[in-house]
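Results of the structural survey
Take a look at the letters that make up each chain.
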Amino acid sequence: MTVQIHDGTRWQTVCSLADLQPGRGVAVLLPDAGQVALFRDRAGELYAVDNLDPFSGAPVLSRGLIGSRGERPTLISPMYKQVYDLTDGRCLDEDTAPDGTPAVLRRWPVRAFDGEAAA
Amino acid sequence: MTLDDRTVRDLVLVGHGMVGQRFLEAWTEQPAARGWRVTVLAEEPRPAYDRVHLSSLFDGGTVEDLALCPTGFLAEHGIDLRLGDPATAIDRAGRTVTTRSGVEVRYDVLVLATGSVPFVPPVPGTDAPGCHVYRTIEDVDAIRAEAATAGTGVVVGGGLLGLEAAGALRAGGLATHVVEFAPRLMAVQVDDGGGAALRRKIEDLGVTVHTSAGASGVLTGPDGRVRGLALSDGRELPADLVVFSAGVRARDQLARDCGLPVGQRGGVVVDDRCRTEDPAILAIGECAQAVDGRVYGLVAPGYLMAETAARTIAEQEGEGFTGADLSTKLKLLGVDVASFGDPHGSAEGALDVLYSDSRSGVYRKLVIGSDGALLGGVLVGDTEGYGVLRPLAVAGKPLTVAPEQLVLPAGFAGAAGPVALPDDAVLCSCHNVTQGAVRAAVRDQGADSVAAVKKCTRAGTGCGSCLKQLGTVVTEELEAAGVSTGKGLCEHFAHTRAELYEIVRVTGPASFSELLAEHGSGEGCEICKPTVASILASLGNGHILDGEQGALQDSNDHFLANLQRNGSYSVVPRVPGGEITPEGLIVIGEIARDHGLYTKITGGQRIDMFGATVDQLPFIWRKLVDAGFESGHAYGKSLRTVKSCVGETWCRYGVQDSTTLAIELELRYRGLRSPHKLKAAVSGCARECAEAQSKDFGIIATAAGWNLYVGGNGGMTPRHADLLAADLDRETLIRTIDRYLMFYIRTADRLERTSVWLERLEGGLDHLRAVVLDDSLGIAAELDELMARHIGGYRDEWAETLADPERLRRFSSFVNAPGTPDPAVTFVPERGQIRPARPGEASHTLNAPVLVAGARLEVLTP
């Protein structure tokens with residue numbers, strides 16, 4: 001099984017599912033040099049959001065912990081610990097980043113894909 | 001107060017004791033204080049100190065521990081403190097004070113805080129060598145000097161001060177007698193039953209008590225020295241040392257000499273604003289007779305008078321001093337004694353409710369008025385209820401529960417239900433803060449913790465006896481406001497960290513998923529995940545990155561390095577005790593040079609290398625491991641460093657080998673996961689170059705062994721460490737630290753430094769001492785075993801990571817492009833090294849120059 005991210009144009013294979021440890025993330029480099037933080041939770045659900053942390057400007061979100069707040073699955077920035085809702089990318093702690101832009105992470109469509117079957 | 005038109009006015013304070021210092025603190029908080037110059041005329045050779053705890057000097061405490069005047073306080077407020085030059089005369093017409101050295105000091109306002117002198121009964125021989133009073137540090141020094149060669153000491157006076165003095169003599173190793181004129185000990189505070197319970201407890205400690213006996217004369221030998229004390233009942237007690245501690249007399253001579261009225265039994269007469277008959281002169285503390293005709297010998301009323309006087313001079317409104325609650329709670333010779341309200345039931349129709357158990361030495365008496373209100377009481381041996389009972393008695397409101405439920409031991413009391421305190425009940429008598437004021441601070445001023453309430457109201461910042469009750473009230477008020485005060489870790493666990501620790505300890509190692517399923521809910525968060533990871537690691541659960549544990553670690557623990565602001569990492573090789581060979585220095589230099597890292601010397605005697613990317617980390621560790629280093633924890637909640645000086649090996653002043661001990665301790669405790677980071681230091685002599693007293697545990701060499709200090713902290717809220725034990729040999733020292741650390745790990749809250757933990761720990765330092773030195777909880781063997789398991793199970797986490805391809809996989813910049821330098825992590829040169837680029841700066845990624853140096857060719861590929 002591979003993991004694929006849809007970069008807006010097409011599905012990109014980024015790694016095998018086994019590369020993802022439940023509860024942790026990895027960073028993915030897109031062809032346009034953009035970065036995606038890719039997570040797999042304990043139930044096997046996949047999430048892909050921006051890797052760039054809007055509060056520190058550092059590409060570190062893939063190194064954050066994931067968890068839950070209420071019913072929402074969350075990602076916690078390892079830098080200053082802001083919490084994001086993984087389902088919509090919205091920051092649950094602060095509305096705007098220090099530069100005044102809304103603190104919302106872009107989300108990418110992500111799927112586990114049986115690559116060999118498709119080939 | 002009539003004042004001339006000079007812009008700066010002169011305030012002169014006579015006396016720098018506890019009350020004098022409190023006055024200065026209260027005064028400097030007044031906005032009006034700015035227009036005043038303050039001069040303090042003090043008799044003693046040192047600034048104000050805590051007289052109440054003089055006996056701690058016999059118990060390993062130092063003069064510095066007693067100091068009350070914070071460093072820099074006088075300078076900050078421009079206060080001119082003249083030590084050793086007491087006032088000798090007041091010229092009220094000329095508004096000047098003359099000092100012993102003959103200096104004349106002008107005043108616009110004069111404050112007398114001259115305190116009191118010990119009362120020495122007018123019997124023959126009290127001036128013989130060997131006779132002492134117990135009031136100043138000099139008195140204690142003199143007693144200690146003689147106690148070294150004396151065998152028996154007699155204290156005249158069985159009141160509060162006398163028992164303090166007796167405790168001091170006993171701590172000094174003397175056979176100790178107490179002679180009390182009244183039929184019982186502490187006659188003012190306790191009743192006959194309480195006095196008897198107290199006497200039994202004190203006699204159990206080996207102190208001989210003689211009541212209903214006065215001193216009729218001091219017996220001297222042919223050399224003129226004390227050889228005994230003659231008692232009023234005809235007996236003679238042999239003694240090498242006699243301490244008179246039978247009450248005090250107000251020191252009001254200055255006032256008498258200048259014609260100010262004094263009370264019949266002494267004390268300068270003041271009004272409710274603490275003014276004497278002369279409006280330019282105020283008097284506070286033990287030298288003053290308050291408006292209710294009493295001279296208060298306790299420190300809390302003195303503090304209230306000090307605050308009143310400061311307000312009076314600043315022409316501020318506010319409550320005057322009309323009298324004070326004489327309630328006291330203290331530990332005398334290790335025995336808890338409390339007395340509050342009217343302990344003797346002198347009111348008409350007052351009845352007693354009594355519980356006495358001479359076997360356990362517990363005595364409790366409540367005095368109940370005819371209307372059912374609590375009027376007062378006496379507690380000996382167990383003062384647990386004091387925090388609630390005292391405010392109830394002072395408020396004089398009827399009880400909401402049956403009084404017998406309040407005196408019976410917990411098991412017999414039945415469902416007593418909460419005791420409701422009225423809002424006008426004074427919770428903190430040191431600073432006269434009512435329960436209503438505490439509630440208002442929580443409700444209206446946003447104080448959401450005991451710490452915030454302390455800051456806001458000063459409640460609990462005096463003797464601290466009300467802290468427990470304060471915590472209850474704050475929690476109640478927060479709950480009433482709908483604020484969740486669950487002590488639980490986070491929304492996923494209703495348990496505290498200590499409770500989770502117990503669960504894991506008792507039920508055995510478990511995975512996070514198991515713990516969450518059985519004891520929690522949801523998916524976890526940044527609070528509970530690292531906490532559980534830390535608990536599992538503390539209890540020796542294998543490598544921190546193994547299995548599911550790897551998914552719990554905070555970023556730094558996950559990557560075994562220190563995340564910096566631009567997403568790069570720093571690596572800090574462990575340098576135990578700060579000792580490093582020239583070869584070691586060269587290796588670190590080479591690694592930093594080859595990888596283009598920024599280097600800086602840390603405060604913990606290590607070298608920090610900054611700017612490493614995730615994929616560089618294994619290469620850096622490989623080189624360190626090959627050179628005999630381990631990468632070292634400069635992150636995470638674990639032991640950081642044990643700092644040291646060079647000690648007696650090199651230093652002219654050193655008395656022990658501090659470096660060797662520091663290395664041993666750092667290697668012993670490295671990798672120990674704890675509720676917060678741990679810092680330590682070892683100093684080779686009392687000069688303390690390693691700054692051990694600002695560490696979680698610090699050791700200072702003495703000629704006889706090692707002194708162990710605990711609970712120190714630098715950082716945002718500095719705290720001077722407390723002396724836990726003195727002159728320990730190496731083995732006892734290490735065992736004591738083992739237990740201290742394991743007890744902390746077991747009971748502390750998440751992110752609670754040892755300093756905060758120790759402040760919070762019920763029973764404080766005494767309790768900690770009892771647990772780690774005397775095994776009062778019977779857990780020492782278990783603590784020792786846990787530490788042994790940690791030491792035996794320690795592995796170099798970095799070397800183990802290098803040896804395991806599975807673990808190495810995470811050290812990759814991009815899962816789909818390993819080895820590609822992160823284009824977003826960039827640097828610019830500064831002072832010959834790199835630093836993170838700021839937004840918009842022309843910059844380069846770190847790997848570019850490194851590849852030119854060819855560093856990647858010589859090491860393994862992950």
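Residues numbered from 1 in each chain as written. Chains lettered and ligands numbered in written order. Predicted model: local features only at pLDDT ≥ 70, side-chain atom pairs only at ≥ 80, totals over all residues. Heavy atoms only, no water.

Attention now moves to the overall build of chain B. The helix and strand inventory of chain B stands at 27 helices and 39 strands. Scored against the burial criterion, the 862 residues of chain B give a buried share of 54%. Counting contacts in chain B only where the partners sit at least 6 residues apart, residues at least 24 apart contribute 61% of the total. As displayed, chain B offers around 35,900 Å² of accessible surface, 52% of which is attributable to carbon and sulfur atoms. (Helix = DSSP H or I, 4+ residues; strand = E, 2+ residues; numbered from the N terminus. Buried < 20%, exposed > 50% of the residue type's maximum accessible area, 1.4 Å probe, protein only. Contact = heavy atoms within 4.5 Å. Areas by Shrake-Rupley, 256 points an atom, 1.4 Å probe, with all protein chains shown as cover.)

A word on the nonpolar core. If you look at soluble globular proteins, the nonpolar side chains tend to sit buried side by side. Residues and elements named next belong to chain B. If you look at the biggest cluster of nonpolar residues, it comprises 59 residues, and the most contacted ones within it are L665, F697, I699 and L768. Examining the composition of this core, we find that nine residues originate from one element, helix α21 (residues 730-747), more than from any other. Residues within four places of I699 in sequence aside, it is in contact with L661, L665, A681, V682, S683, A692, W706, N707, L708, L733 and I737. In this structure, W27, V38, F73 and A87 belong to the second largest nonpolar core, which totals 54 residues. (Core = buried A, V, L, I, M, F, W, Y, C linked by side-chain atoms within 4.5 Å.)

Our focus in this paragraph is empty space enclosed by the protein. All names here are of chain B. This model, assessed by the stated rule, comprises two cavities of 30 Å³ or more. Its boundaries defined by the atoms lining it, the largest cavity holds a volume of some 40 Å³. Lining the largest cavity, in full, are P118, Y134, R135, L161, F244, S245, A246, G247 and V248. Split into classes, the residues belonging to the lining of the largest cavity amount to six nonpolar, two polar and one charged. Here the second largest cavity is characterised by a volume of approximately 30 Å³. (1 Å grid on protein atoms, 1.4 Å probe; cavity = no way out; pocket = protein on both sides within 12 Å on 5 of 7 lines; lining within 4 Å. Points joined across faces, edges and corners; volume = space filled by probe spheres on them. Nonpolar A, V, L, I, M, F, W, Y, C, P; charged D, E, K, R; others polar.)

Our focus in this paragraph is the layout of surface pockets. Here the second largest pocket is characterised by a volume of approximately 790 Å³. Lining of the second largest pocket is provided by 43 residues; of these, A:V26, B:R809, B:R810, B:F811 and B:S812 occupy positions nearest its centre. Broken down by secondary-structure element, the contributors of at least two residues to the lining of the second largest pocket are β3 (25-29) of chain A together with α17 (555-559) and α26 (805-808) of chain B. For the lining of the second largest pocket, the residue count by class is 17 nonpolar, 14 polar and twelve charged.

In this complex, chain A contributes 32 residues to the contact, which on the side of chain B involves 40 residues. Buried surface at the junction of chain A and chain B, both sides included, amounts to about 2,700 Å², of which 51% is carbon and sulfur. In this assembly, chain A and chain B are joined by three salt bridges. A salt bridge links A:D19 to B:R809; the nearest nitrogen and oxygen atoms lie 2.8 Å apart. Here chain A is connected to chain B by 16 residue pairs in polar contact (both at pLDDT 80 or more). Examining the composition of the side of chain A that touches chain B, we find that five residues originate from one element, strand β6 (residues 65-69) of chain A, more than from any other. Of the residues assigned to the side of chain A that touches chain B, the class counts are 19 nonpolar, seven polar and six charged. (Buried area = accessible area lost by both parts, 1.4 Å probe. Salt bridge = Lys/Arg side-chain N within 4 Å of Asp/Glu carboxyl O. Polar contact = N/O pair within 3.5 Å; in protein donor to acceptor, adjacent residues only side chain to side chain.)

What follows is about α21(B). All names here are of chain B. With 18 residues, α21 extends 26 Å from end C-alpha to end C-alpha; this agrees with the ideal 26 Å at 1.5 Å per step. Of all 18 residues in α21, 14 are buried; the element is thus mostly enclosed. By the N-cap criterion, in which a side-chain oxygen at the helix start approaches the backbone nitrogen of a residue two or three places on, α21 is capped by D729, the distance to E731 being 3.1 Å. (Expected span 1.5 Å × (residues − 1).)

With that out of the way, let us pick up the packing of aromatic side chains. Residue and element names in this part refer to chain B. Under the defined criterion, the tally for this structure stands at 13 aromatic pairs over all chains. Taking 5.6 Å as the distance between ring centres and 65 degrees as the angle between the ring planes, the aromatic pair formed by Y598 and F610 counts as edge-to-face. Of this pair, Y598 sits in strand β30 (residues 598-601) while F610 sits in strand β31 (residues 607-612); the two residues are twelve residues apart in sequence, bridging distant segments of the chain. For Y598, a relative accessible area of 25% corresponds to the partly exposed category. (Phe/Tyr/Trp six-rings, centres within 6.5 Å; stacked < 30°, edge-to-face > 60°.)

Averaged over chain A, the pLDDT score is 89; the fraction of residues at 70 or greater is 96%. Mean pLDDT per element in chain A: helix α1 (residues 115-118) of chain A is the minimum at 49, and strand β5 (residues 46-50) of chain A is the maximum at 96. (pLDDT = per-residue confidence, 0-100.)

So, about the confidence of the model for chain B. For residues with low pLDDT, the predicted coordinates do not support detailed interpretation. Residue and element names in this part refer to chain B. Averaged over all residues, the pLDDT of chain B is 87; the fraction at 70 or higher stands at 95%. Confidence drops under a pLDDT of 50 for residues 411-418, and excluding neighbours within four residues, the segment shows eight contacts in the predicted structure. Under a pLDDT of 50 for its full length, residues 848-862 has, in the predicted model, 24 contacts with residues more than four places off or in other chains.

Residue and element names in this part refer to chain B. Examined against the element boundaries, A280 turns out to sit in the loop between β18 (268-269) and β19 (281-283). Distance from A280 to R92, taken between C-alpha atoms, is 8.6 Å for residues 188 residues apart in sequence. Dropping the residues within four chain positions of it, A280 is found in contact with R95, Y107, D108, V109 and L110.

What follows covers the pattern of salt bridges. Scanning the entire structure with this criterion turns up 57 salt bridges over all chains. Each member of the salt-bridge network shares a partner with another, and the members are B:D423, B:R439, B:R443, B:D444, B:E476 and B:E477.

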